[in-house]
Amino acid sequence: MEKTFLMVKPDGVQRNLIGEVVKRFESKGFKLAGAKLMVISNELAEKHYGEHKERPFFGELVDFITSGPVFAMVWEGENVIATARQMMGKTNPQEAAPSTIRGDFGVTVGKNIIHGSDSPESAEREISLFFDESEIVSYNKQDSAWIY
Ligand code: DAT
Ligand code: MG
């Protein structure tokens, strides 16, 4: 089954939105496969956001994502990568539709609550950047027969 990397950013943690974010993916029918509260090092932040290294906001982005704890997660389910991106909403919360996480809780692009992998390649890369194999849990859930 497909897996994606999702993360409640420091603003979401400070604003008490961990539960709200987890609730949305749980209620949708996705399965939590790993989760931890952690502070991202500068080195990990620069690797994670490597594709944005040349952008003018890169320094700010690294400072922000390392500024406090994040809640890192691995979620599993059919088409979870693309569906999670839809549930997050557009990068800029001012363009994100209502009922999306960024549309409901964000105001500015710099503090947009949540990160989610944007492709199978980035999901694989980000999961292995943030999680050791031993931290990914494989288990059966009884509700899957009522979802699939
Ligand atoms: P996403 O997080 O939707 O995948 P992205 O990969 O293009 O968006 O950018 C990563 C993060 O960088 C984004 O969540 C917020 C920040 N960011 C993007 N564009 C920005 C901009 N123009 N100014 C400031 N921060 C920006
Ligand atoms: Mg991105």
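Analysis parameters
- In this numbering scheme, every chain counts its residues from 1 along its sequence in written order.
- The order in which chains are written sets their letters, starting at A; the order in which ligands are written sets their numbers, starting at 1.
- Only residues with pLDDT of 70 or above have their local features reported here, since the model is predicted, and side-chain atom pairs are shown and tallied only from 80 upward, although totals for entire chains, interfaces and linings are computed over all residues.
- Note: side-chain values were computed over all heavy atoms of the structure, leaving out hydrogens and water.
- For the purposes of this entry, the term helix denotes a DSSP run of H or I that reaches at least four residues, the term strand denotes a run of E that reaches at least two, and both are numbered from the N terminus.
- The classification of residues rests on relative accessible area computed with a 1.4 Å probe and restricted to protein chains. Under 20% of the type maximum is buried, over 50% is exposed, and intermediate values are partly exposed.
- Residues are treated as being in contact if the distance between any of their heavy atoms lies within 4.5 Å.
- The salt bridge definition used is simple: a Lys or Arg side-chain nitrogen within 4 Å of an Asp or Glu carboxyl oxygen.
- The nonpolar core is taken to be a set of buried Ala, Val, Leu, Ile, Met, Phe, Trp, Tyr and Cys residues, with the residues joined through side-chain atoms within 4.5 Å.
- UniProt positions are given in the numbering used here, feature names are shortened, and annotations may be inferred rather than shown by experiment.

## Section: unusual backbone geometry
- Positive phi is not limited to glycine here, since asparagine 79 has a value of about 55 degrees.
- Mapping asparagine 79 onto the fold places it in the loop between strand S3 (70-76) and helix H5 (80-88).
- Given a relative accessible area of 45%, asparagine 79 falls into the partly exposed group.
- At serine 99, a position not held by glycine, the phi torsion is positive, near 80 degrees.
- Of note, serine 99 is situated in the loop between H5 and helix H6 (101-105).

## What about the environment of tyrosine 49?
- As for its position among the elements, tyrosine 49 is in the loop between helix H3 (42-48) and helix H4 (58-65).
- A residue is classified by how much of its surface remains accessible, and tyrosine 49, at 5% relative accessible area, is buried.
- Placed 37 residues apart in sequence, tyrosine 49 and glycine 12 show a C-alpha to C-alpha distance of 18 Å.
- Tyrosine 49 has contacts with Lys9, Phe58, Leu61, Ile65 and His115, leaving out every residue within four places of it along the chain.

## Remarks on the pattern of salt bridges
- All chains considered together, the criterion is met by 7 salt bridges.
- Where glutamate 76 meets lysine 31, a salt bridge forms, and the shortest distance between an N and an O atom there is 3.9 Å. On the criterion of sequence distance, the pair formed by glutamate 76 in strand S3 and lysine 31 in strand S2 (residues 31-38) is long-range, its members being 45 residues apart.
- Here lysine 47 and glutamate 43 are joined by a salt bridge, their closest N and O atoms 3.9 Å apart. One end of the pair is lysine 47 and the other is glutamate 43, both in helix H3 and 4 residues apart, which spans about a single turn.
- Residue classification places glutamate 43 among the exposed residues on the basis of a relative accessible area of 57%.
- Three or more residues joined by partner-sharing salt bridges are found here, namely Lys3, Lys31 and Glu76.

## What about the nonpolar core?
- Formed by 21 residues in total, the largest nonpolar core has its most connected members in Leu6, Val21, Phe25, Met73, Trp75, Ile101 and Ile114.
- Of all elements in the fold, only strand S1 (3-8), helix H2 (18-28), S3, H5 and H6 reach the threshold of two or more residues within this core.
- In terms of residues, this core owes the most to one element, H5, which gives 5 residues.
- Apart from the residues lying within four places of it in its own chain, the contact partners of isoleucine 114 are Met7, Lys9, Val21, Phe25, Met88, Ile101 and Arg102.
- Phe5, Ile40, Ile65 and Val70 belong to the second-largest nonpolar core, a separate cluster that totals 18 residues.

## Some words on the UniProt feature "binding site: ATP" (unreviewed entry) in the protein
- According to UniProt, the "binding site: ATP" (unreviewed entry) feature falls on Lys9, Phe57, Arg85, Thr91, Arg102 and Asn112.
- Structurally, threonine 91 is set in the loop between H5 and H6.
- Mapped onto the secondary structure, asparagine 112 falls in the loop between H6 and strand S4 (114-116).
- The exposure class assigned to asparagine 112 is buried, which follows from its relative accessible area of 2%.
- Excluding its chain neighbours within four sequence positions, the residues that come into contact with asparagine 112 are Lys9, Asp11, Thr91, Pro93 and Arg102.

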